[in-house]
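If you want the building blocks of each chain, they are given just below.
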Amino acid sequence: MLRNELYKTWVVKNDDKPEWGVEIIDGEFSGLVFQIVEFSITEDTDKATLDYHVISKPDGFEENESFRALLELVIMDILREALEIVKNEKN
């Protein structure tokens, strides 16, 4: 798992629904903070959709291929960790 090495997650609790996101703490995009607005997977196509909002960004930040690869890496790591937690809770 890359959490606490590459990124940290954060949650802000509010009355309606919690807001959550990610802060990148290492590498090219260190200092980048973004909120996850919505993440969904379409079952019939197995396509994932991520809607996010950049809150804070390092100087020179661009939403390029490197950034998209980082997003994919972080989201996949979060999903793997969540699946592991569910698996362990079932046992």
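Whatever comes next refers back to the structure up there.
Figured I'd write up the structure that's included with this text. (Residues numbered from 1 in each chain as written. Predicted model: local features only at pLDDT ≥ 70, side-chain atom pairs only at ≥ 80, totals over all residues. Heavy atoms only, no water.)

Moving on, we get to the pattern of salt bridges. Per the counting criterion, the structure on display carries three salt bridges. One salt bridge in this structure joins R3 and E81, with 2.3 Å as the shortest N-O distance. Here E81 lies in helix 1 (residues 65–90) and R3 lies in the segment before strand 1 (7–12), a separation of 78 residues in the sequence. Classification of R3 as partly exposed rests on a relative accessible area of 32%. Linking R68 and E65 is a salt bridge whose minimum nitrogen-to-oxygen distance equals 3.2 Å. Taken as a pair, R68 and E65 lie in helix 1 at a separation of three residues, close to a single helical turn. (Salt bridge = Lys/Arg side-chain N within 4 Å of Asp/Glu carboxyl O. Helix = DSSP H or I, 4+ residues; strand = E, 2+ residues; numbered from the N terminus. Buried < 20%, exposed > 50% of the residue type's maximum accessible area, 1.4 Å probe, protein only.)

Let us look at the sheet that holds strand 1. Pairing is antiparallel in the open sheet, where four strands are placed in the order 1-2-3-4. Lying at the two open borders of the sheet, with one neighbouring strand each, are strand 1 and strand 4 (47–56). Averaged over all pairs of adjacent strands, the angle between strand axes in this sheet comes to 35°, irrespective of strand direction. Here nine bridges tie strand 3 (residues 33–42) to strand 4, and the two strands are oriented antiparallel to one another. Considered in strand 4, the bridge of E38 is made with D51. (Pairing = 2+ DSSP bridges. Axes fitted to C-alpha atoms, helices over the stretch in contact; angles between N-to-C directions.)

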